[in-house]
Amino acid sequence: AFVGRLARQKGPEVFLAAIRRLGQESTAMRFVMHGDGELAAWVERLIETAGLDAVIERRDSRSPVEDTLREAHLLVVSSHNEGLTLTTLEAIALGVPVISTRVGAQGDIIPSRALVPRRSRAAARGLARLIARLSANEVARERLWSEEREREGELLAHKPASTWFSEEISKW
């Protein structure tokens, strides 16, 4: 599943290119593209032009994101630029493993084996490879999610920056 604003930053075209790269494999899979945004009409045209409308279900903000994530076996973050996405944290909380482009702080939670370069072509190639491998291997998805959950716990156990800053200021 792709969950995000349909905007340049989120790389919806990279997600579509990854599905297109799966070729015949994609016909055995179901993809959900969940989001609204300024690129919605363009994304719809890309889906239609690429002949992907049979394998991609489009959802907008009228559908709860939680429903999409609960149905997903994998969250794909195809962003060109990002920090740590809220959808990454939401997916992991719901037991969904995440694969992502190597952007921002995604690597703080997502292991390197589930990260791909953020350049569009390399990202599409890498995401397609990961989707194919993980869709066929429930044990690998479970292992990935477990590691992400552990790394998320470690990250969230750190002292918040505001607390650290206040403590530092009080020392002056």
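Structure: see above.
Here the structure is a predicted model, which is why all the values come from computation and not from measurement. (Residues numbered from 1 in each chain as written. Predicted model: local features only at pLDDT ≥ 70, side-chain atom pairs only at ≥ 80, totals over all residues. Heavy atoms only, no water.)

Participant: Mind laying out the overall build of the protein chain, listing which residues take part and the relevant values?
Facilitator: Per the secondary structure count, the protein chain includes seven helices and six strands. Going from N to C terminus, the protein chain has its helices and strands arranged as β-α-β-α-β-α-β-α-β-β-α-α-α. Relative to the compact-globule value of 16 Å for 172 residues, the protein chain shows a C-alpha radius of gyration of 17 Å, a close match. By its C-alpha atoms, the protein chain is 60 × 35 × 30 Å across when sized along the principal axes. A buried classification covers 46% of the 172 residues belonging to the protein chain. At a minimum sequence separation of 6, the contacts of the protein chain that also span at least 24 residues come to 64%. (Helix = DSSP H or I, 4+ residues; strand = E, 2+ residues; numbered from the N terminus. Rg over C-alpha atoms; globule rule 2.2 N^0.38 Å. Buried < 20%, exposed > 50% of the residue type's maximum accessible area, 1.4 Å probe, protein only. Contact = heavy atoms within 4.5 Å.)

Participant: Could you give me a rundown of the pairing of strand 2 (residues 31-34), with the residues and numbers involved?
Facilitator: Covered by surrounding structure in strand 2 are F31 and M33 together with V32 and H34, the residues of both alternating faces. Both strand 1 (residues 2-3) and strand 2 contribute to a ladder of two bridges, which runs parallel. Considered in strand 2, the bridge of F2 is made with M33. Note on the crossover from strand 1 through helix 1 (residues 12-22) to strand 2: the handedness is right-handed. Summarising the sheet, strand 2 and strand 3 (residues 56-59) pair through four bridges and their orientation is parallel. Bridge pairing links H34 to R59 in strand 3. (Pairing = 2+ DSSP bridges. Right-handed = clockwise from strand over helix to strand, strands pointing away.)

Participant: Can you lay out the pattern of salt bridges for me, pointing to particular residues and giving the numbers?
Facilitator: One pass over the full model with this rule turns up 14 salt bridges. Between R149 and E152 there is a salt bridge, with its nearest N and O atoms 3.2 Å apart. Residue R149 and its partner E152 are both found in helix 6 (residues 138-157); the two are separated by three residues, about one turn of the helix. The partner of E167 in a salt bridge is K159, with the nearest N and O atoms 2.6 Å apart. When salt bridges that share partners are traced, they join R30, E57, R59 and E71 into one network. (Salt bridge = Lys/Arg side-chain N within 4 Å of Asp/Glu carboxyl O.)

Participant: Provide a residue-level description of the packing of helix 1 against helix 5 (residues 120-135), including the pertinent values.
Facilitator: The N-to-C vectors of helix 1 and helix 5 enclose an angle of 55°; their axes lie 8 Å apart at closest approach. As judged from the angle between their axes, helix 1 and helix 5 are oblique. The element helix 1 and its partner helix 5 pack so that their crossing is right-handed. Within the contact between the two elements, helix 1 uses E13, V14, A17, A18, R21 and L22 and helix 5 uses S120, R121, A123, A124, R125, L127, A128, I131 and A132. (Axes fitted to C-alpha atoms, helices over the stretch in contact; angles between N-to-C directions. Parallel < 35°, antiparallel > 145°, perpendicular 65-115°, else oblique. Left-handed = near helix turned anticlockwise from the far one by under 90°.)

Participant: Could you give me a rundown of the nonpolar core, with the residues and numbers involved?
Facilitator: Within soluble globular proteins, side chains that are nonpolar tend to cluster in buried spots. F31, M33, I56, I99 and I131 are the most contacted members of the largest nonpolar core, which totals 49 residues. A total of eight residues in this core trace back to one element, the largest contributor, which is helix 5. (Core = buried A, V, L, I, M, F, W, Y, C linked by side-chain atoms within 4.5 Å.)

Participant: Tell me about the environment of E71, and please be specific about residues and values.
Facilitator: Inspection of the secondary structure assignment puts E71 in helix 3 (residues 65-71). Each C-alpha atom, one on E71 and one on V96, is 9.1 Å from the other, the two residues being 25 residues apart in sequence. In this structure, E71 is in contact with R30 and R59, ignoring residues within four places of it in sequence. A distance of 3.3 Å separates a polar atom in the side chain of E71 from a polar atom in the side chain of R30. (Polar contact = N/O pair within 3.5 Å; in protein donor to acceptor, adjacent residues only side chain to side chain.)

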